[in-house]
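Next come the chains, spelled out residue by residue.
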Amino acid sequence: MILHTVDGGDHWLLQTSNSLENLRGIDFIGTDSLCVVGENKTILLADVTDNSWSAVELSTDCSLEDVFFADSTHGWACGYDNNNGIIFKSVDRGHQWQKVQYAVVISDPIQQIFFYENLATGFVLTEDNELFKTTSSGSEWAGYARGYGEFPSDGRFCALNNSKLICTGYGGDFRYS
């Protein structure tokens, strides 16, 4: 289900995406488009000016948990296939997605992804509350920190500015600056 408001949250309208899948993540692409991701390799793009939706084909069987666009062109989506973390990257406003190949094995589903505006530095948070970092636009990842939350899959990122990131979860938090 996708809801939309134009009056600061006083009234909400149901959007018709024509997807029956469970949707997990959403982010703006610039000011006029949305990208929504979900189970069974679901990626939907929406033009908010005319409320039109289109599905994007993904060749890899996976479920997606989160999507993040660092600017109006560059986006990343994350999730899992066979319980291993998986990351995709788009350089064309989400119309095409390429699986990111990286050497380290992220052996848990990836719940959330974030990149700074420089497009090189990014983080992913796994279901098991592990934080991985890249400084190469996602081509190389390294374990960065591990939390010990009771419900680690509820962790979330919050960017304070272009140099600080806070990642929180039940029972603990990470800080990067």
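Remember, it's a predicted structure, so these values are computed and weren't measured experimentally. (Residues numbered from 1 in each chain as written. Predicted model: local features only at pLDDT ≥ 70, side-chain atom pairs only at ≥ 80, totals over all residues. Heavy atoms only, no water.)

**Some details on unusual backbone geometry**
A positive phi angle, near 50°, is found at Asn-82, a position not held by glycine. Examined against the element boundaries, Asn-82 turns out to sit in the loop between β8 (75-81) and β9 (84-90). What makes Asn-82 exposed here is its relative accessible area of 73%. Positive phi, normally seen in glycine, also occurs at Ser-137, with a value near 60°. Of note, Ser-137 is situated in the loop between β13 (130-134) and β14 (142-146). (Helix = DSSP H or I, 4+ residues; strand = E, 2+ residues; numbered from the N terminus. Buried < 20%, exposed > 50% of the residue type's maximum accessible area, 1.4 Å probe, protein only.)

**A few points about the sheet that holds strand β5 (residues 42-47)**
The pairing of strands in a sheet comes from backbone hydrogen bonds and takes either a parallel or an antiparallel form. Here we have four strands laid out as an open sheet, ordered β3-β4-β5-β6, and antiparallel in their pairing. The two strands at the open ends of the sheet, each matched to only one other strand, are β3 (23-29) and β6 (52-55). Strand-to-strand twist in this sheet, taken as the mean axis angle between neighbours without regard to direction, amounts to 20°. Sheet topology places β3 next to strand β4 (residues 33-38); six bridges connect them, and they run antiparallel. Bridge pairing in β4 links Ile-29 to Ser-33. (Pairing = 2+ DSSP bridges. Axes fitted to C-alpha atoms, helices over the stretch in contact; angles between N-to-C directions.)

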